[in-house]
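A structural walkthrough
In case you want the letters, here they are:
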Amino acid sequence: MSRYPQETIKPYNESENKTKQVEEMFDNIAPTYDHLNHLLSFDIDKFWRRKAIRMLKPFQPQQIMDVATGTGDFAIQAYQILRPKRLLGIDISEGMMNVGREKVKQAHLSEYISFMKEDCMSLSFPDNQFDAITVAFGIRNFEDLDKGLREMYRVLIPEGHLVILELSYPEKFIIKQLYDIYAGLIIPTIGKMLSKDHMAYTYLPQTIKAFPQGEVMKNILHKAGFRKAIFKRLTFGACTLYFATK
């Protein structure tokens, strides 16, 4: 039974489970994803990632897992700033990770950054394996948010840290109205023009609006076992950064 609105939103149909449909969607849009992502965010996503990664810098994590790693942008940026011993990117989409593997190879980082197909609803790792976990723009696609958070909590070491970046729905007047036009009209139109998947860029803005944010998400993190959860709104509330400790 779904607890949160975004869990009921699926890219294609109501009959198949969400995880399978999300995997298919990201495999479809993988070749154009990076170009569209940077275009639609005006490259501000790079600033958001830097902000999130620097939250971890004082703790010098050496074993990092990047959940919903996609094409590896966050993983590469995190390695360049933090220089951990090991950085593992996991995702359900091999199509996205194949793009990431090629980018890591070109950056001569294959020795330090690896990729593995994993479903965050049921991770294959033992307890207490990673000292930091990051999730950038992927947590709203989880079929079961509570279960995914509990799994990340399980594989973090005690005192390990979770950093989440997620697109969010602005709350301030005028900014909210402008965002509605951008997310409801511009994103689907450009997405349909430039990607192979006409449904993906309708689905993605819907999940942004439905995803719990701010204090609500902070309470969800506490419910999963995390403590010291904080959040910061970025760029007029278009993105929210969450930071929590096991």
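Located above this text is the structure these notes cover.
Presented here is an overview of the structure given in this document. A quick note: this is a predicted structure, and the numbers were derived from the prediction, not measured. (Residues numbered from 1 in each chain as written. Predicted model: local features only at pLDDT ≥ 70, side-chain atom pairs only at ≥ 80, totals over all residues. Heavy atoms only, no water.)

This brings us to the overall build of the chain. Each helix and strand counted, the chain has eight helices and seven strands in total. Whereas a compact globule of 246 residues would reach a radius of gyration of roughly 18 Å, the chain reaches 17 Å, a difference of no more than 12%. In terms of principal-axis extent, the alpha carbons of the chain reach across some 45 × 40 × 35 Å. Taken across its 246 residues, the chain has 54% of its residues classed as buried. Contacts spanning at least 24 positions in sequence make up 71% of the contacts within the chain whose residues lie at least 6 apart. (Helix = DSSP H or I, 4+ residues; strand = E, 2+ residues; numbered from the N terminus. Rg over C-alpha atoms; globule rule 2.2 N^0.38 Å. Buried < 20%, exposed > 50% of the residue type's maximum accessible area, 1.4 Å probe, protein only. Contact = heavy atoms within 4.5 Å.)

Ile 139, Leu 149, Met 152, Leu 162, Met 217 and Leu 221 are the most contacted members of the largest nonpolar core, which has 30 residues in total. At the level of secondary structure, the elements contributing two or more residues to this core comprise β1 (63-67), β2 (86-91), β4 (130-136), α5 (145-155), β5 (156-167), α8 (215-223) and β7 (239-245). Per-element accounting of this core gives the leading share, four residues, to α5. In contact with Met 217, not counting residues within four places along its chain, are Ile 139, Leu 145, Leu 149, Ile 164, Phe 211, Pro 212 and Tyr 242. Core analysis: the second largest hydrophobic core is formed by 28 residues, Ala 52, Leu 56, Ile 64 and Ala 238 among them. (Core = buried A, V, L, I, M, F, W, Y, C linked by side-chain atoms within 4.5 Å.)

Here the focus is α8. Of all the residues in α8, the buried ones are Met 217, Ile 220 and Leu 221. Take α8 and look down its axis: the buried residues cluster within an arc of 100 degrees, on one side only. A positive backbone phi angle near 115 degrees is found at Gly 225, which sits one or two residues after α8. (Arc of directions from axis to C-beta.)

Time to look at helix α1 (residues 18-40). The end-to-end C-alpha distance of α1, which contains 23 residues, comes to just 24 Å, noticeably less than the 33 Å that a straight helix rising 1.5 Å per residue would cover. The axis of α1 is deflected most strongly, by about 75 degrees, at Ala 30, and proline Pro 31 appears within four residues downstream. N-cap assignment for α1: the residue whose side-chain oxygen lies 3.1 Å from the backbone N of Thr 19 is Asn 17. Where α1 ends, the next residue or the one after it, Phe 42, has phi of about 55 degrees, a positive value. (Expected span 1.5 Å × (residues − 1). Bend = angle between axes of the 7 residues up to and from the residue. Polar contact = N/O pair within 3.5 Å; in protein donor to acceptor, adjacent residues only side chain to side chain.)

Let's shift gears to the pattern of salt bridges. For the structure on display, the rule yields 13 salt bridges. Between Asp 146 and Arg 3 there is a salt bridge, with its nearest N and O atoms 3.3 Å apart. Here Asp 146 is found in helix α5, whereas its partner Arg 3 is found in the segment before α1, with 143 residues between them in sequence. Residue classification places Arg 3 among the exposed positions, given a relative accessible area of 58%. The salt bridge involving Glu 23 is made with Lys 117; its shortest N-O contact spans 2.7 Å. With Glu 23 in helix α1 and Lys 117 in strand β3 (residues 113-117), the pair connects residues that are 94 residues apart, well separated along the chain. (Salt bridge = Lys/Arg side-chain N within 4 Å of Asp/Glu carboxyl O.)

Attention now goes to the environment of Met 25. Tracing the backbone shows Met 25 in helix α1. Look past the residues within four positions of Met 25 in its chain and what remains in contact with it is Pro 11, Tyr 12, Asp 197, Ala 200, Tyr 203 and Leu 204.

Taken together, the side chains of Phe 173, Ile 174, Leu 178, Ile 181, Leu 185 and Ile 186 define a hydrophobic patch exposed on the protein surface, amounting to about 630 Å² of accessible area. Among the secondary structure elements, Ile 174 is positioned in the loop between β5 and α6 (175-194). (Patch = residues over 30% accessible without salt bridge, like charges linked within 9 Å, V, L, I, M, F, W, Y side chains within 5 Å. Areas by Shrake-Rupley, 256 points an atom, 1.4 Å probe, with all protein chains shown as cover.)

Another aspect to go through is the pairing of β7. Counting buried residues along β7, seven of its seven residues qualify, which places the element largely inside the surrounding structure. Neither face of β7 is open: one carries Cys 239, Leu 241, Phe 243 and Thr 245, the other Thr 240, Tyr 242 and Ala 244, and all of them are buried. Here β5 runs beside β7; their pairing, made up of seven bridges, is antiparallel. Opposite Leu 167, over in β7, you have Cys 239 as the bridge partner. Here strand β6 (residues 227-234) runs beside β7; their pairing, made up of six bridges, is antiparallel. (Pairing = 2+ DSSP bridges.)

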